[in-house]
Amino acid sequence: MDWGSPLAPHPIAYYQLIAFPFAVSFHYLCISGCLSLNARYVLLLVGGCLLACAAMGWYALLLFIPTFCSVAIFHSVGPPQVHTWAFVLQMSWQTLCHLGLHYREHYLQGAPCIRLTIALSSLMLQTQKVTSLALDIHEGKVTMAAEWRKGREPLLRALPLCSYLLFFPALLGGPLCSFQRFQVQIQGLCTSRPTAPWRVAGQKCLRALALHLLRTAVRSCVAPLAGMTDCTGFGCVYVMWRSALLFRLAYYSQWVLDEALLSAAGLGLELGHAPGAEAACSDLSDADIWTLETTNRIALFTRTWNRSTSRWLRRLVFQRSPAQPLLATFAFSAWWHGLHPGQVFGFLCWAAMVEADYRIHPFLRSLAKSWHTKVLYQALTWVQTQLIIAYITAAVEMRSFSTLWLLGASYNSVFPLLYGVSLLWLVARAKEKCV
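Residues numbered from 1 in each chain as written. Predicted model: local features only at pLDDT ≥ 70, side-chain atom pairs only at ≥ 80, totals over all residues. Heavy atoms only, no water.

Details of the pattern of salt bridges
Here comes step 1: In this structure the tally under the stated criterion is seven salt bridges.
Here comes step 2: With its nearest N and O atoms 3.5 Å apart, the salt bridge here joins Lys141 to Glu139.
Here comes step 3: A salt bridge links Glu139 to Arg315, with the shortest nitrogen-to-oxygen separation between them at 3.0 Å. Here Arg315 lies in helix 13 (residues 307–316) and Glu139 lies in the loop between helix 5 (114–138) and helix 6 (144–149), a separation of 176 residues in the sequence.
Here comes step 4: Taking relative accessible area as the criterion, Glu139 reaches 41% and is therefore assigned partly exposed.
Here comes step 5: Among the charged side chains, a salt-bridge network with shared partners connects Asp136, Glu139, Lys141 and Arg315. (Salt bridge = Lys/Arg side-chain N within 4 Å of Asp/Glu carboxyl O. Helix = DSSP H or I, 4+ residues; strand = E, 2+ residues; numbered from the N terminus. Buried < 20%, exposed > 50% of the residue type's maximum accessible area, 1.4 Å probe, protein only.)

A few points about the packing of helix 4 (residues 79–107) against helix 5
Here comes step 1: Orientation of helix 4 relative to helix 5, taken along the N-to-C sense of each, is 170°, at an axis distance of 8 Å. By the criterion of interaxial angle, the relationship of helix 4 to helix 5 is roughly antiparallel.
Here comes step 2: Split by residue class, the contact of helix 4 with helix 5 holds 17 nonpolar, eight polar and one charged. (Axes fitted to C-alpha atoms, helices over the stretch in contact; angles between N-to-C directions. Parallel < 35°, antiparallel > 145°, perpendicular 65-115°, else oblique. Nonpolar A, V, L, I, M, F, W, Y, C, P; charged D, E, K, R; others polar.)

Observations regarding the nonpolar core
Here comes step 1: In terms of nonpolar packing, the biggest core is built from 122 residues, with Met56, Phe74, Leu172, Phe182 and Trp350 touching the most fellow members.
Here comes step 2: If you tally residues by element for this core, the top one is helix 10 (residues 235–264), at 14 residues.
Here comes step 3: Discounting residues that sit within four places of it in the chain, Leu172 has contacts with Ile12, Tyr15, Gln16, Leu51, Ala55, Met56, Ile118, Ser121, Ser122 and Leu125. (Core = buried A, V, L, I, M, F, W, Y, C linked by side-chain atoms within 4.5 Å. Contact = heavy atoms within 4.5 Å.)

Some details on the side chain of Ser70
Here comes step 1: Along the chain, Ser70 falls in helix 3 (residues 61–76).
Here comes step 2: Contact partners of Ser70, with chain neighbours within four places excluded, come to Leu89, Gln90, Val130 and Leu165.

Focus on the packing of helix 16 (residues 371–397) against helix 17 (residues 401–408)
Here comes step 1: Where helix 16 meets helix 17, the axes come as close as 9 Å, and the angle between the chain directions of the two elements is 165°. It follows from the interaxial angle that helix 16 and helix 17 lie roughly antiparallel. Relative to helix 17, the crossing made by helix 16 is right-handed. Here Tyr391, Ala394 and Ala395 of helix 16 come into contact with helix 17, specifically with Leu404, Leu407 and Gly408.
Here comes step 2: In terms of residue class, the contact of helix 16 with helix 17 is built from five nonpolar, one polar and no charged. (Left-handed = near helix turned anticlockwise from the far one by under 90°.)

Following this line, the structure appears as structure tokens:
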């Protein structure tokens, strides 16, 4: 497969498309009553192992090793300490893997390895599942003693957990689903209507195709971050904005495809209304494209971008941080993503922009009295939001100091600097009022 071709799908999307027939077959067997509960767990687990081996090769071990270690921790460590143990294990392993990637790319100057990239992406998703389940156990939402009583054999006791961490519809991508919801959905598959999930999956596949074709059209006009070395003045702003649009379209199409695969397997939105499900149907959707592209608030964009990950970061870091929760959340996000130079700079810049957004908008709204000034306020802040998000996106996607320097030295830095200066001025203004 020529991954450089504009019409070629992303490697992860390629393997997800291969998994579609198996997801449909799995759902059909479930609604036909051919599979017991344990058989469903086994098929999801075996499918995940096979998909991991096909997509990652021997790098699938990077996923299998922490899976079995996490299951051992869940069944051997008490609720007060389980989150700490699971978090340290998973993040230590993921950090070592990312450092190995840094060593390969920068020191050995090795060629990019698609299989290793897919393995690290899946490992990041597994970290979400492990830490989310560990928090559920720590908070008493999930009781491992109850899980142990469900089966007599040790393998049957560990089966639901292994299946949750490796089930194939969400192995390579997809919104975060809690262990509780996963169990409810697996148990309710035999009662779900056969046509609704497949119809939803088909609709989402068409949306993903439309987004991919739109991305191909944009890519025919500009390659990602191309022209940053040749542009001058505010011409660099246009290059940056179009490149960031290209990246966002890639994320949108991938998220919609992730949701389509879950729906095809019967694990999508419809089962959110089943008895015992934890939330509404929107909980298993990461892509609210309309809100992302029309909002004039960076804070709202941040909460909406990859929603299940945003909620996970809020629960894991923001709500548990004793000081500077916003900065701690974005710093951890940079760590979780791999600590590339552009990621560190981009996420720290993002934290400052969100803090500025919280202060700037109330001040500007107080100035906008008439209808015309309100329209002007909405338009200008939307443009500013688009340009700042484009700046952050471009920074995060850059992997070297040299390309990051080109971005920072260009006119694109005017827009985050404007927000940064405004933040400092508003903070100083608030202190003067308190004196």
